[in-house]
Amino acid sequence: MRKLVSGALIGVLAFGTLTACAEEPTSKSAKGDGTSGKVAFLMPDLASTRYEQYDAPLFKKRMGELCSSCEVIYQNADSDAARQQQQANSALAQGAKVLVIDPVDSAAAATIVQTAQSQGAKVVAYDRPIPKKPVDFYVSFDNEAIGKSIAQSLVRHLKESGAKGGLLEVNGSPTDAAAGLIKKGIHSGIEEGDFKRLAEYDTPDWSPEKAQQWVSGQIAQYHGDIAGVVAANDGTGGGAIAAFKAAGVKVPPVTGNDAELAAIQRVVAGSQYNTISKPLKIVAEAAAEVAHQLMKGDKPKATTTLFDTPSQLFKPTVVTRENLKQVVFGPEGVLKPKDVCTRPYAADCRRLGIQ
């Protein structure tokens, strides 16, 4: 998955083959309260670039500020649920007091929760929920609202432009409970409009390549009848756009989610209609704060309950060319104009007043 924005851009981290590694937080602060221990930050995949670019660095930085003597064990499962299980077991063996996990497979992750809690460790679900086994806390975005927002935005745009035809729906991974929430929201958003859903697809592992292959088949079947594509994230949206370009036909409006750098550049250029800007800094820092509180034995404050779990859900923002400058490059933005407005996009940036 992968809705939604603040802080400075942190460069892409080179993790090689992303084998297990333990890292000290990159920032230390006088605010550290003497708490010590290890916390694991276990992310699900590399298909979404946000985990390496934003989530992991932001989480580690905030943990360092809260707890200068704490150690963060960061690992990425690269879409392999069995690997994530091994990584969790390794973190527990190293003495992790808290696991912050964005599950590859929301159902399979119940075993990780059971194992961790049986050993006295706390578990925080991050971004994606773990419905079958209540964790100690859940920090995420309102995923159903993400799906509904991107669909509503697209349907409204198509209606205003007088488009004809139907929609393709490219959902996220069927093993991701958050993808299921996004899918539910997309259905709701589409149903509010007058555009028929031609076909939909649950994309294994959120794979852009698999999304591209499926959309290619739909272009052949519905050639000339596709008014737009509701894609559940930027990776699948990019795959859909690539399919149209490979077929040599006009790219219709395509949605996205995550505000990845490549997606923002596509929005600037006009090849992607929208994306979702998530408050990644806010959410990553909130997860660090929850983990720190659990390490101290405190009870984090919840704003709602989801899947029988105390939760904090943050609101994302739909980004189109109309509000991109304000949202993406405003005070809460994670990107800078120099990152987006490289030579191929410089002219479009100037037209949008981005400098």
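Preceding block: the structure.
In this text the structure is predicted, and so the values were computed from the model without any measurement.

Caption draft 1: Broad picture of the overall build of the protein. For the protein, the helix and strand inventory stands at 12 helices and 13 strands. Taken across its 355 residues, the protein has 55% of its residues classed as buried.

Caption draft 2: Region of interest: the packing of helix α1 (residues 50-66) against helix α9 (residues 280-296). Orientation of α1 relative to α9, taken along the N-to-C sense of each, is 45 degrees, at an axis distance of 8 Å. Taken as axis vectors, α1 and α9 run oblique relative to one another. α9 is crossed by α1, and the crossing has right-handed handedness. Judged by residue contacts, Arg50, Tyr54, Asp55, Leu58, Phe59, Arg62, Met63 and Leu66 of α1 engage Leu280, Lys281, Ala284, Glu285, Ala287, Ala288, Glu289, Ala291, His292 and Met295 from α9. Of the residues that constitute the contact of α1 with α9, the class distribution is 11 nonpolar, 1 polar and 6 charged.

Caption draft 3: Spotlight on the state of the cysteines. If you walk through the whole model with that rule in mind, you get 2 disulfides. Two residues, Cys67 and Cys70, share a disulfide whose sulfurs are 1.8 Å apart. The disulfide joining Cys67 to Cys70 has a torsion of about 75 degrees about its S-S bond and is therefore right-handed. Judged by its relative accessible area of 0%, Cys67 is buried. Looking at Cys70, the relative accessible area reads 0%, which means it is buried.

Caption draft 4: Just the sheet that holds strand β9 (residues 226-231), in detail. Reading across the sheet, the 3 strands line up as β8-β7-β9 and stay open at both edges, with parallel pairing between neighbours. If you trace the sheet from one side to the other, it starts and ends with β8 (197-202) and β9, each paired once. Direction aside, the axes of adjacent strands within the sheet are offset by 15 degrees on average. The strands touched by helix α4 (residues 143-160) within the sheet are β7 (166-171) and β9, with β9 carrying the most contacts at an inclination of about 165 degrees. Here helix α5 (residues 177-191) sits on the sheet and contacts β7, β8 and β9; the angle it forms with β7, its principal contact strand, is near 170 degrees.

Caption draft 5: Region of interest: the pattern of salt bridges. Evaluation of the coordinates by the stated rule reveals 20 salt bridges. We note a salt bridge from Asp78 to Arg83, for which the minimum N-O separation is 4.0 Å. Given the relative accessible area of 36%, Asp78 is considered partly exposed. The structure contains a network of salt bridges with shared partners spanning Arg50, Asp55, Asp127, Asp258 and Lys278.

Caption draft 6: Spotlight on the layout of surface pockets. There is about 230 Å³ of room inside the largest pocket. In terms of lining, the largest pocket is formed by Ile219, Tyr222, His223, Gly224, Asp225, Ile226, Phe244, Val249, Lys250, Val251, Pro252 and Pro253. Taken as a whole, the second largest pocket spans an internal volume of roughly 180 Å³. If you trace the second largest pocket, you find it lined by His157, Val251, Pro252, Pro253, Val254, Gly270, Ser271, Gln272, Tyr273, Arg321 and Glu322.

Caption draft 7: Helix α7 (residues 234-247), seen in detail. The end-to-end C-alpha separation of α7 is 20 Å, in line with the 20 Å expected for 14 residues at 1.5 Å each. For α7, the buried fraction is high: 10 of the 14 residues fall into the buried class. Taken together, the buried positions of α7 are occupied by Asp234, Gly235, Thr236, Gly237, Gly238, Gly239, Ala240, Ile241, Ala243 and Phe244. On its buried side, α7 packs onto β7, α6 (208-221), β9, α8 (261-269) and β10 (275-277). Where α7 begins, one side-chain oxygen reaches toward the backbone nitrogen of Gly235, 3.3 Å away; that side chain belongs to Asn233.

Rules used throughout
- Residues numbered from 1 in each chain as written.
- Predicted model: local features only at pLDDT ≥ 70, side-chain atom pairs only at ≥ 80, totals over all residues.
- Heavy atoms only, no water.
- Helix = DSSP H or I, 4+ residues; strand = E, 2+ residues; numbered from the N terminus.
- Buried < 20%, exposed > 50% of the residue type's maximum accessible area, 1.4 Å probe, protein only.
- Axes fitted to C-alpha atoms, helices over the stretch in contact; angles between N-to-C directions.
- Parallel < 35°, antiparallel > 145°, perpendicular 65-115°, else oblique.
- Left-handed = near helix turned anticlockwise from the far one by under 90°.
- Contact = heavy atoms within 4.5 Å.
- Nonpolar A, V, L, I, M, F, W, Y, C, P; charged D, E, K, R; others polar.
- Disulfide = S-S within 2.5 Å.
- Pairing = 2+ DSSP bridges.
- Salt bridge = Lys/Arg side-chain N within 4 Å of Asp/Glu carboxyl O.
- 1 Å grid on protein atoms, 1.4 Å probe; cavity = no way out; pocket = protein on both sides within 12 Å on 5 of 7 lines; lining within 4 Å.
- Points joined across faces, edges and corners; volume = space filled by probe spheres on them.
- Expected span 1.5 Å × (residues − 1).
- Polar contact = N/O pair within 3.5 Å; in protein donor to acceptor, adjacent residues only side chain to side chain.

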